[in-house]
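Given next are the chains, with one letter for each unit.
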Amino acid sequence: MNERYPFEELEPKWQQYWAEHGVFRCDTSDTARKYYCLTMFPYPSGTMHVGHGRNYIIGDAVHRFKRMRGFNVLSPMGWDAFGLPAENAAKSRGIHPRAWTVSNIAHMKRQLREWGVGYDWDREIATCHPEYYKWTQWIFLKLYERGLAYRRQAPVNWCELCTTLANEEVLPDGTCERCGRPVGKKDLTQWFFKITAYAQVLLDDLQLLDQWPERVRQMQANWIGRSEGARIDFAIAETGDPCPVFTTRPDTVYGVTFMAIAPEHPLLRKLLAGNPRAAEVTAFIERQLLVSASVRTDAATKKEGVFTGFHVRNPYNGESVPLWVTNYVLMEYGTGAVMAVPAHDQRDFEFARAYRLPVKIVIQPPGRPLDPAAMTAAYVDDGLMVNSGPFDGRPNRAAIPEVTRYARERGFGDATVHYRIRDWLISRQRYWGAPVPIVHCPSCGEVPVPERDLPVRLPDDVDFQAERGNPLAAHAAFVHTACPRCGGAARRETDTLAQWLCSCWYFLRYVNPRLAERPFAAADVNAWLPVDQYIGGIEHAVLHLLYSRFIVKVLHDAGYVAFREPFRALFTQGMICKRSEKDGQLYKMSKSKGNVVSPDALVRQYGADTLRLYTLFIGPPEKDAEWSDAGIEGAFRFLRRLWRLVAENRELLDAARDLPCELRAMTGPERELYRKLHETIDRVTRDMEGDFHFNSAIAQIMELFNALEAHKPPAAGTPAHRAVFRRTVETLIVLLSPFAPHIAEELWAALGHPPSILNAPWPAVDPAALAREEVELAVLVNGKVRGRMTAPAGLPAAAAEQQALALESVRKHLQGLRVRKVVVVPDKLVNIAAN
Ligand SMILES: [Zn+2]
Ligand SMILES: [Zn+2]
């Protein structure tokens, strides 16, 4: 064995061994000790940097650890392969999206293999394969059958290159985040999934997810956004048109001084036709439609509006108040109209002050009455109702049910529950996605494609031209088809399904990835799901995870699966950041910040094990961490020292192979080393079982390594000492193997064990080894032995001092004296100086 650490030879060797021996192949028929370990599959964008790598390396460490703990681990990988970047590459560079995707997949797969990340590649899937998207289309049809997929007109953000954009993809200045072109609004007929029908159960079942981060559960609850309140039917005073509102504060309804309505509100179109104020109002509306919702509702954004010329009547007191179009009300929330109560709502207050609208107090705080003219902010706390007709003098909170009942009894409102979540827009006007399996027939209308005709295949011969919208709509052979119901001439739906939908059921497919006649086998998915451990970025905390939960619930209700939640435990890892060379600030790695670290060069320079070890050592995995080039050097030095220790002591280690390792034969340094070994096993195991604190586990292993170097047996060492030395080296290699698997395999084999180290059991703690010996300490007062005490070996000085001072015989000799100084020689004596 060479003393130089030859990572560049041994790493490819072991990767090849794992592949050839199918080490990561999972036999899913054995479910007794099943463990489904799933890392979120990537979008094949090209190359991965070390920040991406963290995700997969964490998953691999969990996989290997669970495997050695005796589980049958299923750890598959695939590709979230449809989506916009592939299509934009086609439009701007003339590469077919399929070719672009296939070549990126090949590159990323090579990276994963080079990192020693072990997957059951026999189960590899890609969402752009017809054998896969056939079943994405099937899922669409199942929702369609259950009335959960429907079409309606909706305004969308429209970029000429990227077509439809989500709100999050529009920058504050109204340009496209992906390509920089201006974004406009367009009314399009779109497909939606009725996720709102599942709002309450998606909220309730968060309680089942006690192994999810609290933060993620909270984000989902906020997204669903349940609030209890009342519907109150205001009406346009001039026309009688209904203008209902939803409010959580019906107790303030007598304080309404204007109505604030969203620029998108459909009522406006009707009211403004032929109205003298139409031009001014329309100009305001058009300006607001270009501003993203998050900017409009940001507390820091200036409240703006325009008077429509109309009024609404308050059904409680018959008062008419002006109707304003405002920037801060969204159509997506509530009814798109808000009863404005400036005295008791801060946004309404700011708006009222800006446009000199009245402020009417209807809740007075105890003691100090409010004066509308002197107020500098809304009063949002509780008090007694005033100016509120029959409710005057009532405590406002307690009166809420009565105020609501008053409306119900008179037929102009009722108690209601409102959810913030909206139906899920699932259609895209793009080529590179799964076609929506619907045919539009002039006689039959909307006709679902029968299951036997799935998949509706994407044609390959498509003309990609920038600024021309959806290329699929221009493909005549795709568009023109026969109606599956009447056989007449019909048109195919040319929208494709959002990438989101392809990625919210893939975890089911991995269990039976090659099944041709069904998406999955019920008995198998029921045995393997929920996923035992799901690992991925916090950026998926809401949409991907919520959509996946929704689809599983629908499949459950339709009788296809027996479980209600897809992921039992969730781990969200932090990002790796690096200082930008441009401005010295710390950023998440990205090309635009110029702070990307490529793993490829590091693997060549130091090897994959060093990259893995540093990636896991960099900090608690759930937190963001700063990349440092010095850190990777440190990881490399550690592995090199470990290699050298084994190489230099080969003879000693080989000779100790058959020596018994028995606690009762140990004394002195080997007893110390043996205890350190079992303390390390204990702490590493707990770090791994708990919150995946790999960084702390690795630190323990490094400490054990230092103890190993310090307690190396001398040439004439006892057999017990040599036996403990070998046992510690072997066990350290096993403990290290989830983090640095290549070097672990090599050293494990060098010590005479058959590969793979994955077949070695995870070491167990020997409780007897942890027990500390008792030692006797002499206690001296002014140099004379005045007592003796027994204490556990290694007792810290402060505790030894305390115990010594409490001894009866010592206290006797200290009578009338003051203690000046105490010196503790650990495990030997305590010397007290007093006068
Ligand atoms: Zn764009
Ligand atoms: Zn027809």
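Everything here concerns the structure above.
The rules behind the values
Residues numbered from 1 in each chain as written. Chains lettered and ligands numbered in written order. Predicted model: local features only at pLDDT ≥ 70, side-chain atom pairs only at ≥ 80, totals over all residues. Heavy atoms only, no water. Helix = DSSP H or I, 4+ residues; strand = E, 2+ residues; numbered from the N terminus. Buried < 20%, exposed > 50% of the residue type's maximum accessible area, 1.4 Å probe, protein only. Contact = heavy atoms within 4.5 Å. Areas by Shrake-Rupley, 256 points an atom, 1.4 Å probe, with all protein chains shown as cover. Lys, Arg positive; Asp, Glu negative; His and termini not counted. Charge placed at Lys NZ, Arg CZ, Asp CG, Glu CD. Donors = N, O, S within 2.8 Å, 3.2 Å for Na, K, Ca; no water. Tetrahedral: all angles 85-135°; square planar, octahedral: opposite > 155°, others 65-115°. Expected span 1.5 Å × (residues − 1). Polar contact = N/O pair within 3.5 Å; in protein donor to acceptor, adjacent residues only side chain to side chain. Pairing = 2+ DSSP bridges. Axes fitted to C-alpha atoms, helices over the stretch in contact; angles between N-to-C directions. Core = buried A, V, L, I, M, F, W, Y, C linked by side-chain atoms within 4.5 Å. Domains from an automatic or database assignment. Salt bridge = Lys/Arg side-chain N within 4 Å of Asp/Glu carboxyl O.

Q: Describe the overall build of the protein chain, listing the residues and the values that go with them.
A: When its secondary structure is counted, the protein chain shows 28 helices and 33 strands. Here the protein chain holds 835 residues, and the buried ones make up 55% of them. Taking all contacts inside the protein chain whose residues are at least 6 apart in sequence as the whole, residues at least 24 apart take part in 72%. On the protein chain, roughly 35700 Å² of surface is accessible, and the fraction owed to carbon and sulfur atoms is 51%. Across the protein chain, the mean location of the 102 positive side-chain charges is 2 Å away from that of the 97 negative side-chain charges.

Q: With reference to specific residues and values, describe the coordination of the zinc ion (ligand 2).
A: Ideal geometry at a metal centre gives angles of 109.5 degrees when four donors are arranged tetrahedrally and 90 or 180 degrees when six donors are arranged octahedrally. Note on the zinc ion (ligand 2): its protein donors are C441 (SG), C444 (SG), C483 (SG) and C486 (SG). The metal-donor distances range over 2.2 to 2.3 Å. One way to put it: the 4 donor atoms around the zinc ion (ligand 2) meet at angles of 106 to 115°, and that makes the site tetrahedral. You can call C441 buried: its relative accessible area is 7%. Taking the relative accessible area as the measure of exposure, C486 reaches 44% and is therefore partly exposed.

Q: Any details on helix α20 (residues 629-648)? Residues and values, ideally.
A: The end-to-end C-alpha distance of α20, which contains 20 residues, comes to 29 Å, matching closely the 28 Å that a straight helix rising 1.5 Å per residue would cover. Regarding α20, the residues found buried are I632, A635, F636, F638, L639, L642, W643, L645, V646 and A647. The N-cap of α20, judged by a side-chain oxygen 3.3 Å from the amide nitrogen of A630 a few residues on, is S628.

Q: Which residues make up the coordination of the zinc ion (ligand 1), and what are the values?
A: In the first shell of the zinc ion (ligand 1), the protein supplies C159 (SG), C162 (SG), C176 (SG) and C179 (SG), at 2.2 to 2.4 Å from the metal. Geometry at the zinc ion (ligand 1) is tetrahedral, judged from its 4 donor atoms and the angles of 100 to 115° they form at the metal. Donor residues binding the zinc ion (ligand 1) come from one chain and are separated in sequence as C-x2-C-x13-C-x2-C.

Q: So what's going on with the sheet that holds strand β20 (residues 438-441)? Residues and values would help.
A: Taken together, the 4 strands give an open sheet; going across it, the order is β21-β20-β23-β22, and neighbouring strands pair in antiparallel fashion. Taken across any chain shown, the strands that pair with only one partner, and hence form the sheet edges, are β21 (445-448) and β22 (480-482). Within this sheet the neighbouring strands show an average axis-to-axis angle of 45°, counted without direction. Judged from the 3 bridges that link them, β22 and strand β23 (residues 489-492) form a sheet pairing that is antiparallel. Opposite H480, over in β23, you have R491 as the bridge partner.

Q: Break down the pairing of strand β27 (residues 576-579) for me, with residues and values.
A: Here β27 runs beside strand β29 (residues 625-626); their pairing, made up of 2 bridges, is parallel. Directly across from C577, in β29, lies its bridge partner E626. When β27 meets strand β28 (residues 586-588), the two strands line up antiparallel, connected through 3 bridges. Bridge pairing links K578 to Y587 in β28. Hairpin connection, β27 to β28: the antiparallel pair is bridged by 6 residues, and G584 has positive phi, about 75°.

Q: Before we move on, can you summarise the nonpolar core with the specific residues and values?
A: Counting residues in hydrophobic clusters, the biggest one holds 186 residues, and the most contacted among them are F140, I551, W627 and F739. Each of domain 1 (140-194 + 423-500) and domain 3 (649-770) accounts for three or more of the residues forming this core. Counting 55 residues, the second largest nonpolar core, distinct from the first, contains L271, A343, A399 and A407.

Q: Which residues make up the packing of helix α18 (residues 599-606) against helix α19 (residues 608-617), and what are the values?
A: At a closest axis distance of 7 Å, the pairing of α18 and α19 adopts a crossing angle of 120°. Seen from α18, the contacting residues are P599, L602, V603 and Y606; seen from α19, they are A608, T610 and L611.

Q: Break down the pattern of salt bridges for me, citing the residues and quoting the values.
A: One pass over the structure, following the stated rule, counts 45 salt bridges. Measuring nitrogen to oxygen at the nearest pair gives 2.9 Å for the salt bridge that ties R726 to E730. Taken together, the residues span about one helical turn, with R726 and E730 both in helix α24 (residues 719-736) at a distance of 4 residues. On the basis of relative accessible area, E730 is assigned to the buried category, the value being 13%. One continuous salt-bridge network, built from bridges that share partners, spans D205, R549, K553, R564 and E565.

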